[in-house]
Amino acid sequence: MTAAVDEALAAIAGATTSAELKQVRIAHTGDASVIATANAAIKSLPKDQRADAGKLVGQAKGRVFQAISARQEELAAAEEEAKLAEETVDVTAVRPRRKRGAKHPLKTLEDRIVDVFVGMGWEIAEGPEIEAEWFNFDALNFDADHPARQMQDTFYIAAPEGADGASGGARGTSSGQILRTHTSPVQVRSLLERGVPLYIACPGRVFRTDEIDATHSPVFTQVEGLAIDKGLTMAHLVGTLESFAAALFGGAPITRLRPNYFPFTEPSAEMDFRCFHCDARLGLDHDADPGCRVCGGTGWIEMGGCGMVNPAVLRSAGIDPTEYQGFAFGLGIERILMLRNGVEDMRDMVEGDVRFSQHYGTEI
Ligand code: FA5
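Below is a short write-up of the structure.

Reading the values: rules and limits
- Residues numbered from 1 in each chain as written.
- Predicted model: local features only at pLDDT ≥ 70, side-chain atom pairs only at ≥ 80, totals over all residues.
- Heavy atoms only, no water.
- Phe/Tyr/Trp six-rings, centres within 6.5 Å; stacked < 30°, edge-to-face > 60°.
- Helix = DSSP H or I, 4+ residues; strand = E, 2+ residues; numbered from the N terminus.
- Buried < 20%, exposed > 50% of the residue type's maximum accessible area, 1.4 Å probe, protein only.
- Lys NZ or Arg CZ within 6 Å of the ring centre and 35° of its normal.
- Contact = heavy atoms within 4.5 Å.
- Polar contact = N/O pair within 3.5 Å; in protein donor to acceptor, adjacent residues only side chain to side chain.
- 1 Å grid on protein atoms, 1.4 Å probe; cavity = no way out; pocket = protein on both sides within 12 Å on 5 of 7 lines; lining within 4 Å.
- Points joined across faces, edges and corners; volume = space filled by probe spheres on them.
- Nonpolar A, V, L, I, M, F, W, Y, C, P; charged D, E, K, R; others polar.
- Patch = residues over 30% accessible without salt bridge, like charges linked within 9 Å, V, L, I, M, F, W, Y side chains within 5 Å.
- Areas by Shrake-Rupley, 256 points an atom, 1.4 Å probe, with all protein chains shown as cover.
- Salt bridge = Lys/Arg side-chain N within 4 Å of Asp/Glu carboxyl O.
- Lys, Arg positive; Asp, Glu negative; His and termini not counted.
- Charge placed at Lys NZ, Arg CZ, Asp CG, Glu CD.
- Core = buried A, V, L, I, M, F, W, Y, C linked by side-chain atoms within 4.5 Å.

**Things to note about the packing of aromatic side chains**
- In the structure shown here, the tally under the stated rule is 13 aromatic pairs.
- Note on F249 and F276: the rings are 4.9 Å apart at their centroids and 25° apart in plane angle, and the pair reads as stacked. A residue pair is termed long-range when its members are at least 10 positions apart, and F249 in helix α9 (residues 234-249) and F276 in the loop between β8 (265-274) and β9 (300-309) qualify at 27 residues.
- Ring centres of F262 and F264 lie 5.6 Å apart, and the angle between their planes is 35°; this geometry places the pair in the tilted category.
- Take F262: its relative accessible area is 18%, and that puts it in the buried class.
- Among the aromatic residues, those joined into a ring-pair cluster are F117, W122, Y199, F244, F327 and F329.
- Sitting over the ring of F135, R189 keeps its end group 4.2 Å from the ring centre.
- For R274, the ring lying beneath its charged end belongs to W300, and the centroid distance is 5.0 Å.

**Comments concerning the environment of D272**
- Checked against the element boundaries, D272 lands in strand β8.
- Here D272 falls in the buried class, since its relative accessible area comes to 2%.
- Distance from D272 to T181, taken between C-alpha atoms, is 22 Å for residues 91 residues apart in sequence.
- Setting aside residues up to four positions removed in sequence, D272 forms contacts with I254, T255, R256, R258, W300, I301, E302 and M303.
- Here R258 takes part through its side chain, which lies 2.7 Å from a polar atom of the side chain of D272.

**A closer look at the layout of surface pockets**
- Quantified by volume, the largest pocket comes out at close to 1,100 Å³.
- Taken together, 49 residues make up the lining of the largest pocket; nearest its centre are E270, E302, G304, G332 and R335.
- Of all the elements in the fold, those that place two or more residues in the lining of the largest pocket are β6 (219-229), β7 (255-262), β8, β9, β10 (325-332) and α11 (333-341).
- Of the residues assigned to the lining of the largest pocket, the class counts are 19 nonpolar, 17 polar and 13 charged.
- Roughly 200 Å³ of internal volume is contained in the second largest pocket.
- What lines the second largest pocket is simply H104, L106, K107, E110, G204, R205, V219, F220, T221, E334, M349 and V350.
- Among the elements of the structure, α5 (105-119), β5 (198-207), β6 and α12 (347-350) are those that each provide at least two residues to the lining of the second largest pocket.

**Points about a negative patch on the surface**
- Taken together, the side chains of E80, E81, E86 and E87 define an acidic patch exposed on the protein surface.
- Along the polypeptide, E86 turns up in helix α4 (residues 47-87).
- A relative accessible area of 69% means that E86 is categorised as exposed.

**Thoughts on the nonpolar core**
- If you look at the biggest cluster of nonpolar residues, it comprises 41 residues, and the most contacted ones within it are I113, F244, C275, F327, F329 and M349.
- Going through the elements one at a time, α5, β6, α9, β8, β9, β10 and α11 are the ones with two or more residues in this core.
- Residues contacting F327, with those up to four places away along its chain left out, are W122, G225, L226, A227, L232, T233, H236, L237, T240, G307, M308 and V309.

Rendered as structure tokens:
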């Protein structure tokens, strides 16, 4: 009996899983086991020996079952622990992160410019990039044969095959549609849609057949401003552009107007403001640094075209120019980003290298 118990205890200790322990229990305590056989044999012993034999077998059974239950507890605890370890989620693990993307610095600047005008109480207007030649040129007082149509080299959209050309514009076979060359067509669209008085800023992409270089791109962004009301003068135009420049570049800008020509404004001007980077910013009595990277030593930075809206444009939108007057301007946003952030080459903005955007602090 002692040998059978020792054998059972060794088998119990050797069981490494609950399933193994179950097999050990069947083998050492089941019907065919030494203990069960001895137990069954007790009743055939002479009566006076049965008590001792019963005690012996009972003790043996007790030791074996106690060992089984202790081992069962150990194994169950170990198995539970293994299962928990296996199911653990490591919340500190570094997982591959999907990049969220960010606004391009050009878009961020466009939003900022738009905010400045919204802050002045102006509305934002948009127009289509594929534009009717009429809105881009005719309604803006460009004659059919006006050299200005070639002046802004235009992407014309071909007429469908077999069509004669609907526009009668500079290119006989055009469809009457072009990629807009400036944001000025939104002026007439807005006048027709919204009426007067009108104060709008219109940001958007425009297209010209310009070769890409450090200061030109065939696709670029402009923001157009248009104010139509009773009694507006050139002074309102200057005041508006000065507060715009102050909001964008800080300080109290010094500006100047140079005569220019646009068919849709009369008089027309190019607005410059005093370089904010070199000594020229200190006033008209201070010379610019000859090597200034921002103004190129001239002391002045070109901001964009502007002027008083030509009465012909107001008439094409059904507005009486003797009652309403207004001013308009158009600025290139890429050029503003170059000046404001010291970007030396416009190509950096359009080539899509994320390192360009990253150094604006945007998380890509
Ligand atoms: C115009 O486009 C006029 N529509 C502006 C205007 C509006 C005048 C309202 C009067 C009243 P211009 O062709 O000069 O004007 O272009 C305006 C600005 O666009 C320029 O000052 C320049 O900053 C920018 N620009 C012009 N061509 C390019 C180009 N290829 N790439 C990047 N920016 C350009």
